[in-house]
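# Examination of the molecular architecture
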2 protein chains.
Amino acid sequence: MPVNEPKSSRGRPTVVRMRDVAAAVGVSVKTVSNVVNATGQVNEATVRAVRVAVEELGYRPNPLARGLNSRATDTVTLALPGLGYGYCAPLAAAVFDLAEAEGISVVMEPTGGDRERELEVLRNRGGLSDGVLLMPTAITARELKALPSPGPAVLLGSRRVEGPFDSVASQDTVAAEAAVRLLLDRGASRVVLLGGERKAGGDTAAALRTDGYRRALTAAGQKFVPALVLETPRSSRDDGQAAMAQLLGSETPFDAVLALEEPLAHGALHALRRAGRDVPGQVQVVAFGNDEDAEYSSPSLTTVQADVTTMARRALDQLTARVREGARPRSHVEVPLTIIERESTISHA
Amino acid sequence: MPVNEPKSSRGRPTVVRMRDVAAAVGVSVKTVSNVVNATGQVNEATVRAVRVAVEELGYRPNPLARGLNSRATDTVTLALPGLGYGYCAPLAAAVFDLAEAEGISVVMEPTGGDRERELEVLRNRGGLSDGVLLMPTAITARELKALPSPGPAVLLGSRRVEGPFDSVASQDTVAAEAAVRLLLDRGASRVVLLGGERKAGGDTAAALRTDGYRRALTAAGQKFVPALVLETPRSSRDDGQAAMAQLLGSETPFDAVLALEEPLAHGALHALRRAGRDVPGQVQVVAFGNDEDAEYSSPSLTTVQADVTTMARRALDQLTARVREGARPRSHVEVPLTIIERESTISHA
DNA sequence: CTGAAAGCGCTTACAG
DNA sequence: CTGAAAGCGCTTACAG
């Protein structure tokens, strides 16, 4: 048994520095830096010599040292409530993939929908990273407006934000309105809003979608019926099933459902099936969602899909531009959602 | 129009350094450092004064500069093929949450199951991060064994790895064997392996699970029937549906299915339903998976679940220990999977 | 095309 | 309990 470990395996690992490469080739660190970063002009032969030494010594530039000077780490922070919320999972996947393709690393920061953690992300300017992509859920639009001038940050999600930030917002209100209009066009007259908010004025995704619901009713000359708005504690299948079962038991008449999160819709479908209600014959169903599941439930589910790839693309572009340019006009991008019609709504006449 | 922007909004943002805090309080940077990091002993009054100055000036330690010295960035890289693969999504969520709770940031690095990118992650030692959590899918066990002594890295996934790495492996072979045994116990005699590999010897998750399938058959005195192993191009619902539909058309008799990925099982259930086969009366179904969906399909699906939280916990612990201690014995953790029985298998007599 | 020097913002011994 | 100096590994002007 070796009592003394070799030096290299104790404490700090031996590391090959730019200086070591320079010494090996017989040039200055500046020249090595030029070769490694393709900066300045370097003699062909020198370039080759440096490349060989880099390879042989296994030199890797230290991103910390590099970042300390250049102020660029090519890293962004993605702060979402968590992968389980709304379309966060596919959105995160899109950000990871697009960033990877550009050589940008992504630090994932789950906020848990916690106000303090959301604020901390903004204050922190992302720590190691060059900037922040934040989906605010607990910070209100008013607070956001009043926040001190931040480091590079892009807000993304369902809320349009007026504050000192760039933003990418999905047009949830518009999409909810379109979804309700579709249901009414297809003959529905009493549309249940599953997962909605009875009182207006909030700026959560649910509140914004509820606004669209109200607008569509108003435009169609219908009254807002509180009994048709089903608030749920969370957005799980169980919640959807329970809320729908309760409504079915109450004998309140209805002929359509707009579910604000897809799991709610699957729960509702379950309850409707049990109650013997035909979908879409007796009840039409539309849900906000992105899941592959929508296609495979029976009946398959008509959905309102957020275009997460576009959202990720735009958000990354905005952040990159702000990191590079510093002062530039705020940019607010709105991304439409798409309605994918499937079997849970009556097909167009 | 102001032609000259104020200095602070051009180029580098004005930044408050430790030196600025020191100057404000009238102490040295060392003292500020001591307060900020709770190192050494500092006078009560000095501590307070520094705290106040930190607050007023809005000082935030620069993690890059800190990391350059201490060699610790409190950041780890999580390299998975992608959120859509097997249990990667819940595993990633678990890593994000556990790390967050410990003040560790996580850089997500999607490898796309690409060999080069997997190797790059290992060579790179994670770039900015202190260490790497990698799920290898394309690198073979042999290659892994031969890799040069790496920076801190933990391999995780279905494969047990012998190389110079710590590892956390889910016991897929054991679990597959148990699942098949369960099916046989419940009266099945011809078990289809959906998503399996006909030829033995690989070390992908599918191959390891296929090994378990073979073992269970052998233990039960049954022969391995190649026609019952359905290879699928990917692991989507469509693949599961297509493979099952083809098998149903071929008139090959079978009375149970072990699906190696959950979407395959949902596709298979779809095909079985269409063909009028009763589940579990005529065909019992078990699937590897973690999805909430399993509970809500009809019939609900018996699953083999990986304990992603434990895997994440152990992997993070191993990595933290290796980062801190450097040389220490390799640690190989195996995490069992759990079979959750639901309606798609016959309940125990 | 290349080098020597200064400096990024912090921490780490080493003195007091 | 506190300070002055050196240094982490790189890049950035500035000279040649």
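Small disclaimer: the values here were computed from a predicted structure and weren't measured. (Residues numbered from 1 in each chain as written. Chains lettered and ligands numbered in written order. Predicted model: local features only at pLDDT ≥ 70, side-chain atom pairs only at ≥ 80, totals over all residues. Heavy atoms only, no water.)

Turning to the pattern of salt bridges, a few remarks are in order. Within the structure shown, the criterion is met by 32 salt bridges over all chains. Note that A:Glu100 is salt-bridged to B:Arg117, the shortest N-O span being 3.2 Å. With one member in each of two chains, A:Glu100 in helix 5 (residues 88–101) and B:Arg117 in helix 6 (residues 115–124) form a pair that bridges those chains. Judged by relative accessible area, B:Arg117 falls into the partly exposed class, the value being 34%. (Salt bridge = Lys/Arg side-chain N within 4 Å of Asp/Glu carboxyl O. Helix = DSSP H or I, 4+ residues; strand = E, 2+ residues; numbered from the N terminus. Buried < 20%, exposed > 50% of the residue type's maximum accessible area, 1.4 Å probe, protein only.)

Below, the discussion takes up the protein's contact with DNA strand C. Neighbouring DNA strand C are 26 residues; A:Thr31, A:Asn69, A:Arg71, B:Met18 and B:Asn69 lie closest to it. For DNA strand C, the backbone makes up 70% of the atoms found within 4 Å of the protein, where backbone means sugar plus phosphate. Between DNA strand C and A:Thr46 there is a distance of 2.6 Å, counted from a phosphate oxygen to a side-chain nitrogen or oxygen. At 3.1 Å from a phosphate oxygen of DNA strand C is found a side-chain nitrogen or oxygen belonging to B:Arg66. When residues of the surface near DNA strand C are traced back to their parent elements, those giving at least two are helix 2 (29–37) and helix 4 (63–70) of chain A together with helix 1 (18–25), helix 2 (29–37) and helix 4 (63–70) of chain B. Tallying contributions element by element places helix 4 of chain B first for the surface near DNA strand C, with 4 residues. (Near = heavy atom within 4 Å. Polar contact = N/O pair within 3.5 Å; in protein donor to acceptor, adjacent residues only side chain to side chain.)

All right, on to the interface of chain A and chain B then. Contact with chain A, which involves 45 residues of that partner, is made by 45 residues of chain B. Taking both sides of the interface into account, the surface hidden between chain A and chain B amounts to around 4100 Å²; carbon and sulfur atoms contribute 55%. Among the residues of chain A in contact with chain B, A:Leu64, A:Leu128 and A:Tyr296 are the three that bury the most area, contributing 17% of the side total. Counting across the chain A and chain B interface gives 6 salt bridges. Note that A:Asp293 is salt-bridged to B:Arg237, the shortest N-O span being 2.8 Å. Taken together, the links from chain A to chain B amount to 10 residue pairs in polar contact (both at pLDDT 80 or more). For the side of chain A that touches chain B, the elements supplying multiple residues, two or more each, are helix 4, helix 5, strand 2 (105–110), helix 6 (115–124), helix 10 (237–250), helix 11 (262–274) and helix 12 (293–296) of chain A. Within the side of chain A that touches chain B, the residues separate by chemical class into 18 nonpolar, 12 polar and 15 charged. Alignment of strand 2 of chain A against strand 2 (residues 105–110) of chain B, held across 3 bridges, turns out to be antiparallel. Bridge pairing links A:Val107 to B:Val107 in strand 2 of chain B. (Contact = heavy atoms within 4.5 Å. Buried area = accessible area lost by both parts, 1.4 Å probe. Nonpolar A, V, L, I, M, F, W, Y, C, P; charged D, E, K, R; others polar. Pairing = 2+ DSSP bridges.)

Turning next to the protein's contact with DNA strand D. Not every one of the 26 residues close to DNA strand D is listed here, only the nearest: A:Met18, A:Asn69, B:Thr31, B:Asn69 and B:Arg71. Taking all atoms of DNA strand D within 4 Å of the protein, the share assigned to sugar and phosphate is 69%. Contact between DNA strand D and A:Asn62: a phosphate oxygen at 3.0 Å from a main-chain N or O atom of the residue. Between DNA strand D and the protein, one listed contact pairs a phosphate oxygen with a side-chain N or O atom of B:Thr31 at 2.5 Å. Among the elements that line the surface near DNA strand D, the one with the most residues is helix 4 of chain A, at 4 residues. When grouped by side-chain class, the residues that make up the surface near DNA strand D number 9 nonpolar, 10 polar and 7 charged.

With that settled, consider the domain arrangement of chain A. All names here are of chain A. Domains assigned within chain A are domain 1 (7–61), domain 2 (75–170 + 307–336) and domain 3 (172–305). Between the C-alpha centres of domain 2 and domain 3 the distance comes to 29 Å. On the side of domain 3, 8 residues touch domain 2, which itself brings 10 residues to the contact. Across the domain 2 to domain 3 interface the summed buried area is about 700 Å²; carbon plus sulfur atoms make up 43%. (Domains from an automatic or database assignment.)

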